[in-house]
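Chains, contacts and geometry: an overview
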Amino acid sequence: MLGRLLPGVLLAWALSGCQPSNEPRSLVFAVAQAPVNLDPRYATDAASERVNRLIYQRLVEFDSRSREVPGLATWQMRDATHYRFQLSQSATFHDGQLLTAADVKATYDSLLQLKDSPHTAEFKHIQQITTLDANTIDFELSRPDPHFAARLMVGILPARLIATGHDFGHAPVGSGPFKLDQWQSALQLQRLSDGLNVRFDEVKDPNVRVLKLKRGEADLIQGDLPPELVKYLQKQPNVTVKTGVGANYSYLGLNVQADFLRDARVRRAIAYAIDTQAIIDKVMVSHSRQASAILPPEHYAGNLALQPYPYQPALARQLLQSAGIKLPLTLTYKTSTDPQRVRLATILQAQMQEAGIDLQIKSLDWGTFFADVQKGNFQLYGLTWVGIKTPEIYSQVFASNSLPPQGFNRGRYQDGVLDQLLEKEDWPAVTQRIHSQLPVIPLWYEGQFVAYRNTIAAYQPMPDGNLDGLAHVVFKAAKD
């Protein structure tokens, strides 16, 4: 049921292929999903967010505990509604122009004016942005916001290009360690420090990604592999595999406006119908762990008191029947065509049968699938939140006024009690309420892994799966 791969067949296929050329080439990063939009004001998919971190710089960064620290700027809260940011390091855009306070102002002014950006709502309380000099920016707010600095994670764009309506989504211009080299069949970035090219090849099939790494057609892969393929790579003499604890949160999204799903008993029944730990043990890479909330327990706003819903299919049946549902309950689950995602969906389908749920799987190409999620065109879907740093994510995802495009409340969940808790920023109470009402079903925090050939030097996986290590990785000739 979980499916089996045949490492012997993989190896035979790998050895049968042509050997890699010895000619110089780019460092090739084989990825499951190519970036979609390289304008940081619009990007929401994980692939785009990760690449944007390489292209752009931000005013604020985060430490290992997800607390904000200076990026491009330091700051001070002059009063409850007044923040002053001071550019603390010299930065130059990829077209040679100096990054100044005017660019910061233009970036955030443009966000306030955009009608279709998913990030605009987060900054709607900015009343005015003023530049005092080339390095100093004041933000005046319409209401107090002690967490305002943590929101300023958008990559800074050049003001002069914003004014001309430049297409950053496909022709990005930032000040980060990488600039766009070309984007035709594949995205290729160039590292400014030494001119190293990094090409991102989209290879959706995990088996093919592994074979490309084995045969030297790729130098690096990261994430999005079933554990048996990771174990296979660990046995290869020319490949190094590193794993670590992750913080990216996978969940089952629910449209709570859909039939049956309005009832919290039904949502709890779905949670009890999933054997999350069994999936982790059999399908996920090492260091994956069960989740109870978006933010992991080690986060400064994490909630150690929350416990995952156990697998109790009999209780799930009772809850469905108490809600007046005639079994089996038929629900449609949407996912992408990624093989690992389809595999997970199939396992969920089998587990839920025992609880009286007939889960119908509908796999779609990524663009269609994600568009349906954003529009609310689903009953259930599966996705992963990547790189989340601040507890304000709970307001963006669950507040009644955060329906798309103003926020990420894709399930159209509305709860007055939760809204009041969110307003108070009582994060323990907020997470407890969400855990009880289940507008989404928490699944796991994905363990992180990277696998690379001896064409590159050491590369460490990061808890949120970011690609920042590419700024320092050393490219060298293969030694098979």
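The structure contained in this document is the topic of the report that follows. (Residues numbered from 1 in each chain as written. Predicted model: local features only at pLDDT ≥ 70, side-chain atom pairs only at ≥ 80, totals over all residues. Heavy atoms only, no water.)

Concerning the overall build of the chain
Put simply, the rule reads: Numbering of helices and strands runs from the N terminus, with a helix taken as a DSSP run of H or I at least four residues long and a strand as a DSSP run of E at least two residues long. The size measure is the radius of gyration over C-alpha atoms, and the globule rule it meets is 2.2 Å times the number of residues to the 0.38 power. Accessible area is worked out with a 1.4 Å probe on protein chains only. A residue is then buried under 20% of its type maximum, exposed over 50%, and partly exposed in between. The criterion used for residue contact is that any of the two residues' heavy atoms lie within 4.5 Å.
Scanning the chain for helices and strands turns up 15 helices and 19 strands. Whereas a compact globule of 480 residues would reach a radius of gyration of roughly 23 Å, the chain reaches 23 Å, a difference of no more than 12%. Dimensions of the chain, computed from C-alpha atoms along their principal axes, come out at roughly 65 × 60 × 35 Å. Classification of the 480 residues of the chain by burial places 54% in the buried group. The long-range fraction of contacts in the chain, counting pairs at least 24 apart against all pairs at least 6 apart in sequence, stands at 69%.

Some words on the packing of helix H8 (residues 264-272) against helix H10 (residues 313-322)
Here is the rule: Fitted lines through C-alpha atoms give the axes, limited to the stretch in contact for helices. The angle between two N-to-C directions lies from 0 to 180 degrees. For this classification, under 35 degrees means roughly parallel, over 145 means roughly antiparallel, 65 to 115 means roughly perpendicular, and everything else is oblique. Handedness of a crossing follows from how the near helix is turned relative to the far one, being left-handed for an anticlockwise turn of less than a right angle and right-handed for a clockwise one.
Viewed as axis vectors pointing N to C, H8 and H10 meet at an angle of 165°, and their least axial separation amounts to 8 Å. Accordingly, the angle class assigned to the pair H8 and H10 is roughly antiparallel. In this structure, H8 crosses over H10, and the sense of that crossing is left-handed. Residues Arg265, Val266, Arg268, Ala269 and Tyr272 of H8 form the contact with H10, whose own contacting residues are Pro313, Leu315, Ala316, Leu319, Leu320 and Ser322.

Looking at the pattern of salt bridges
Going by this rule: The term salt bridge refers to a pairing of a side-chain nitrogen on Lys or Arg with a carboxyl oxygen on Asp or Glu at a separation within 4 Å.
For the structure shown, the criterion picks out 22 salt bridges. A salt bridge links Glu61 to Arg58, with the nearest nitrogen and oxygen atoms 2.9 Å apart. With relative accessibility at 10%, the residue Arg58 sits in the buried group. Residue Asp201 pairs with Arg199 through a salt bridge whose shortest N-O separation is 2.8 Å. By relative accessible area, Arg199 is classed as partly exposed at 27%. Each of the salt bridges in this network shares a partner with another, and the network as a whole consists of Arg53, Arg58, Glu61 and Asp468.

What about the nonpolar core?
Applied cut-off: Definition used in this section: a nonpolar core is a set of buried Ala, Val, Leu, Ile, Met, Phe, Trp, Tyr and Cys residues joined via side-chain atoms within 4.5 Å.
Leu252, Ile270, Ile274 and Leu380 are the most contacted members of the largest nonpolar core, which has 36 residues in total. Listed by contribution, the elements that provide at least two residues to this core are strand S13 (249-254), H8, helix H9 (276-283), H10, strand S15 (329-336), helix H11 (339-353), strand S16 (357-364) and strand S18 (440-445). With near-sequence residues (within four places) excluded, Ile274 lies in contact with Leu252, Ile279, Tyr311, Leu348, Gln351, Met352, Ile441 and Leu443. Counting 33 residues, the second largest nonpolar core, distinct from the first, contains Leu306, Leu364, Phe369 and Leu383.

Describing the environment of Ser288
Where we set the bar: Distance and chemistry together define a polar contact, namely a pair of N or O atoms within 3.5 Å, with one atom able to donate a hydrogen and the other to accept it when in protein, and with adjacent residues in sequence counting only for side-chain atoms on both sides.
Locating Ser288 in the fold gives a position in the loop between H9 and strand S14 (289-290). Here Ser288 falls in the buried class, since its relative accessible area comes to 13%. Between the alpha carbons of Ser288 and Asp133 there is a distance of 48 Å; along the sequence they are 155 residues apart. Here Ser288 is in contact with Ile280, Tyr445, Glu446 and Gly447, once residues within four sequence places are set aside. Of note is the side chain of Ser288, whose polar atom sits 2.8 Å from the backbone nitrogen of Gly447.

Observations concerning the packing of aromatic side chains
Threshold: Two aromatic rings from Phe, Tyr or Trp, using only the six-membered ring of Trp, form a pair when their centres are within 6.5 Å; if the ring planes differ by under 30 degrees the pair is stacked, by over 60 it is edge-to-face, and anything between is tilted. Two conditions define a charge sitting above a ring: the NZ of Lys or the CZ of Arg must be within 6 Å of the ring centre, and it must be within 35 degrees of the ring normal.
Summed over all chains, the structure comprises 17 aromatic pairs. Site record: aromatic cluster; members linked through ring pairs are Trp75, Tyr83, Phe85, Tyr108, Phe123, Phe139 and Phe148. Between Arg67 and the ring centre of Tyr300, over which it is positioned, the NZ or CZ distance is 4.1 Å.

Examining the layout of surface pockets
For clarity, the threshold we go by: The rule is simple: put a 1 Å grid over the protein atoms alone, call a set of points where a 1.4 Å probe fits but cannot get out a cavity, call an open set with protein on both sides within 12 Å along at least five of seven lines a pocket, and count a residue as lining if it has an atom within 4 Å of a point. Grid points are joined across faces, edges and corners, and a volume is the space filled by probe spheres set on the points. By the convention adopted, Pro, Cys, Tyr, Trp, Phe, Met, Ile, Leu, Val and Ala count as nonpolar, Lys, Arg, Asp and Glu as charged, and the other residues, Gly among them, as polar.
There is about 560 Å³ of room inside the second largest pocket. Around the second largest pocket sit 25 residues that line it, and Arg143, Arg151, Ser395, Asn401 and Glu423 are the ones nearest its centre. Counting only elements with at least two residues in the lining of the second largest pocket, the list comes to helix H13 (393-398) and helix H14 (416-424). Ranked by residue count, the leading element in the lining of the second largest pocket is H14, at three residues. Of the residues in the lining of the second largest pocket, the class split is eight nonpolar, eight polar and nine charged.

Brief notes about the sheet that holds strand S7 (residues 136-141)
Whether parallel or antiparallel, the strands of a sheet pair through hydrogen bonds between backbone atoms. The following threshold applies: DSSP calls a pair of strands paired once it identifies at least 2 bridges connecting them.
Sheet architecture is open: four strands sit in the order S4-S5-S7-S6, paired in antiparallel fashion. Edge strands, defined here as strands with exactly one partner in the open sheet, are strand S4 (73-79) and strand S6 (126-133). On average, adjacent strands in this sheet sit at an angle of 20° to one another, irrespective of strand direction. With six bridges connecting them, S6 and S7 associate as antiparallel partners. Within S7, the residue paired with Asp133 across the bridge is Thr136. Across the sheet, helix H3 (residues 101-113) lies against strand S5 (82-87), S6 and S7, angled at about 165° from S6, the strand it touches most.

Overview of the sheet that holds S15
Spatially, six strands are ordered S14-S18-S13-S17-S15-S16 in an open sheet, and the strand pairing comes out mixed. Of all the strands in the sheet, just S14 and S16 have a single pairing partner and so form its edges.

So, the side chain of Lys389
Structurally, Lys389 is set in the loop between strand S17 (380-385) and H13. In terms of polar contacts, Lys389 uses its side chain to reach the side chain of Asp464, at 3.2 Å. If we ignore the near neighbours within four places in the chain, the residues touching Lys389 are Phe62, Ser66, His299 and Asp464.

Focus: H8
Among the nine residues that make up H8, seven are buried, leaving the element largely enclosed by the rest of the structure. Buried within H8 are the following residues: Ala264, Val266, Arg267, Ala269, Ile270, Ala271 and Tyr272.

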